[in-house]
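Breakdown of the fold
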Amino acid sequence: MTSTPGWAVPTDGTTPLLPEHGPKVRRFTTAERWVHRTTAWLTLLCVATAACLYVPELAELVGRRHLVVTVHEWSGLLIPVPLVAGLVSRALRADLSRLNRFGPHDRQWLRAALRRDRTPGSRPAGKFNAGQKLYAGWIAGAVLVMLGTGLLMWFTGLAPLVWRTGATFVHDWLALAIGIVLAGHMAKALADPEARRGMRTGSVERPWARSEHPLWREPEE
């Protein structure tokens, strides 16, 4: 296959998007957008209530600590539910498989990102770039750890005191790390209106897709 100027040649057997097939490309289905939106709101609610529990000024302002604790616990427990429910969607399962695969082009993307190299073709990516894959893997692992440590803190009879003390330490510091990573994630989204449009409407402009995700194969209808 010959390359088009400004495009990276796929190394994983995929074909690049073709410009003559219309102005927009379908990026996410309704089910995928529902899962993302619901998970995002639950996560923000969990983070906000955690801040109200740990920052004295916010705790004073909000009050009703028992209610805040209850909302925090249940929002945290419910975070995985939208994803589990969304697994009935074939499109979501396919995207999870894409996020779980890391190829040579992803390593090239990371090297270019570390060098802050934005020249055409320096950051080859399929439907998801290497940064998105790393973020998805990290946040999924972090949510599982938070869920496990949170359960140890909630149900005090599950483990001895020393385990609960360790769980509290991990839970608190990992919560801080999650807050920082989420802030970075939202900052990246705010800096890319087309990426936000794709998550909001399900479709993106084809030039953006060719520029940011040149190895992304045309979705099958």
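Residues numbered from 1 in each chain as written. Predicted model: local features only at pLDDT ≥ 70, side-chain atom pairs only at ≥ 80, totals over all residues. Heavy atoms only, no water.

Here the protein averages 86 in pLDDT, and 88% of its residues register 70 or above. Averaged pLDDT values for the elements of the protein fall to 81 in helix 2 (residues 56–62) and rise to 95 in helix 4 (residues 80–86). Across residues 1–20 the pLDDT falls below 50, and counting only partners more than four positions away or on other chains, this stretch makes 43 contacts in the model. (pLDDT = per-residue confidence, 0-100. Helix = DSSP H or I, 4+ residues; strand = E, 2+ residues; numbered from the N terminus. Contact = heavy atoms within 4.5 Å.)

This brings us to the packing of aromatic side chains. Tallied over the full model, the rule gives four aromatic pairs. Summarising the aromatic geometry, the rings of F169 and W173 are spaced 6.5 Å apart at their centres and angled 55° between planes, so their arrangement reads as tilted. Here the residue F169 and the residue W173 both occupy positions in helix 8 (residues 161–190), the gap between them amounting to four residues, near one helical turn. Among the aromatic side chains, those forming a connected cluster through ring pairs are W74, W154 and F155. We note R27 situated over the ring of W216; from NZ or CZ to the ring centre the distance is 5.0 Å. Over the ring of W109 we find R123; its NZ or CZ atom is 5.5 Å from the centre of that ring. (Phe/Tyr/Trp six-rings, centres within 6.5 Å; stacked < 30°, edge-to-face > 60°. Lys NZ or Arg CZ within 6 Å of the ring centre and 35° of its normal.)

What follows deals with helix 9 (residues 193–201). An α-helical turn contains 3.6 residues, so any two residues separated by three or four positions project in the same direction. Regarding helix 9, the residues found buried are E194, G198 and M199. The buried residues of helix 9 occupy one face: seen down the axis, they fall within an arc of 140°. Against helix 1 (30–54), strand 2 (203–205) and helix 10 (206–212) lie the buried residues of helix 9. A positive phi of about 95° marks G202, the residue just after helix 9. (Buried < 20%, exposed > 50% of the residue type's maximum accessible area, 1.4 Å probe, protein only. Arc of directions from axis to C-beta.)

To continue, consider the nonpolar core. Core analysis: the largest hydrophobic core is formed by six residues, namely I139, A142, M146, L174, I178 and L182. For this core, the secondary-structure elements that each account for two or more residues are helix 7 (130–154) and helix 8. In contact with L174, not counting residues within four places along its chain, are W138, A142, V145 and M146. Of all hydrophobic cores here, the second largest spans five residues; its members include V25, W208, A209 and W216. (Core = buried A, V, L, I, M, F, W, Y, C linked by side-chain atoms within 4.5 Å.)

Moving on: the packing of helix 7 against helix 8. The geometry of helix 7 relative to helix 8 is characterised by a closest axis approach of 9 Å and an angle of 150° between their N-to-C directions. As helix 7 runs across helix 8, the sense of the crossing is left-handed. For the pair helix 7 and helix 8, contact is made by Y135, W138, I139, A142, V145, M146, T149, G150, L152 and M153 and by R164, A167, T168, V170, H171, L174, A175, A177, I178, V181, L182 and H185, respectively. Tallied by class, the residues present in the contact of helix 7 with helix 8 amount to 16 nonpolar, five polar and one charged. (Axes fitted to C-alpha atoms, helices over the stretch in contact; angles between N-to-C directions. Left-handed = near helix turned anticlockwise from the far one by under 90°. Nonpolar A, V, L, I, M, F, W, Y, C, P; charged D, E, K, R; others polar.)

Let us look at the packing of helix 1 against helix 8. Closest axis-to-axis distance for the helix 1/helix 8 pair is 11 Å, and the angle between their directions is 130°. Our classification of the angle between helix 1 and helix 8 gives oblique. Crossing of helix 1 against helix 8: the hand is left-handed. Here H36, T43, L44, V47 and Y54 of helix 1 lie close against helix 8, whose contacting residues are D172, L182, H185 and M186. Its residues assigned to classes, the contact of helix 1 with helix 8 comprises five nonpolar, three polar and one charged. (Parallel < 35°, antiparallel > 145°, perpendicular 65-115°, else oblique.)

This part is about the side chain of K133. Assignment of secondary structure puts K133 in helix 7. When its relative accessible area of 10% is taken as the criterion, K133 is described as buried. If we skip the residues at most four places from it in the chain, K133 touches R98, L99, R101, F102, H105, D106 and F128.

Within the secondary structure, L58 sits in helix 2. A relative accessible area of 32% places L58 in the partly exposed class. Ignoring any residue separated from it by four or fewer positions in sequence, one finds L58 in contact with A51 and C52.

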